[in-house]
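# A structural walkthrough
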Amino acid sequence: MFILWSQLLCPICPSDQQSFMSELDSQVPTAFDPFADANAEDSGAGTKEYVHIRVQQRNGRKSLTTVQGLKKEYSYTKILKDLKKEFCCNGTVVQDSELGQVIQLQGDQRKNVSTFLVQAGLVKKDNIKIHGF
């Protein structure tokens, strides 16, 4: 004797199940989204692009500073070259599938990078988020 998996889950026969589902669809009210206007792309709310500066702990006292969210039209290699020269540290530009290009610097350079980006005029101070311990 074979018992179908669908019969184990729902004892209603398939023809009754389809009519039952259509009855439920007609009874479900449509969802109202009160924030639909705020989520529109043309509105100014929530369109602020932040630059995220994070620190990641490595081995012992070693740490790594990452900068993400800069505009795509900027030359990341030139910014990195200036950051490395200014703070006397090494660094690289990493291509991430989700985040895009990310600048990595050796050491905890969060405050230095934020002041550098503001003084260079690349980012406004309000658009910088500093994360970390």
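Nothing here was measured: the structure is a model prediction, and the numbers come from that model.

Moving on: helix 4 (residues 110–120). Those residues of helix 4 not exposed but buried are Arg110, Val113, Ser114, Phe116 and Leu117. For helix 4, the angular spread of buried residues about the axis comes to 165°, placing them on one side. Away from its buried face by more than 90 degrees, helix 4 exposes Lys111 and Gln119. Elements in contact with the buried residues of helix 4: strand 1 (51–57), strand 2 (63–68), helix 3 (76–87), strand 4 (100–106) and strand 5 (128–130). Two residues or fewer after helix 4 comes Gly121, characterised by a positive phi angle close to 80°.

A few words on unusual backbone geometry. What you tend to see is this: most non-glycine residues have negative phi, and most peptide bonds are trans. Positive phi, close to 55°, is recorded for Cys88, a residue that is not glycine. The topology assignment puts Cys88 in the loop between helix 3 and strand 3 (91–96).

Moving on: the nonpolar core. Val67, Leu70, Leu83, Ile103, Val113 and Leu117 are the most contacted members of the largest nonpolar core, which has 17 residues in total. Breaking this core down by element, the ones donating at least two residues are strand 1, helix 3, strand 4 and helix 4. With residues near it in sequence (within four places) discarded, Val113 still touches Ile53, Val67, Leu83, Phe87 and Leu105.

Time to look at the pattern of salt bridges. For the structure shown, the criterion picks out one salt bridge. With a closest N to O distance of 2.9 Å, Arg110 and Asp108 form a salt bridge. A relative accessible area of 14% places Arg110 in the buried class. Judged by its relative accessible area of 38%, Asp108 falls in the partly exposed class.

Rules and cut-offs
Residues numbered from 1 in each chain as written. Predicted model: local features only at pLDDT ≥ 70, side-chain atom pairs only at ≥ 80, totals over all residues. Heavy atoms only, no water. Buried < 20%, exposed > 50% of the residue type's maximum accessible area, 1.4 Å probe, protein only. Helix = DSSP H or I, 4+ residues; strand = E, 2+ residues; numbered from the N terminus. Arc of directions from axis to C-beta. Contact = heavy atoms within 4.5 Å. Core = buried A, V, L, I, M, F, W, Y, C linked by side-chain atoms within 4.5 Å. Salt bridge = Lys/Arg side-chain N within 4 Å of Asp/Glu carboxyl O.

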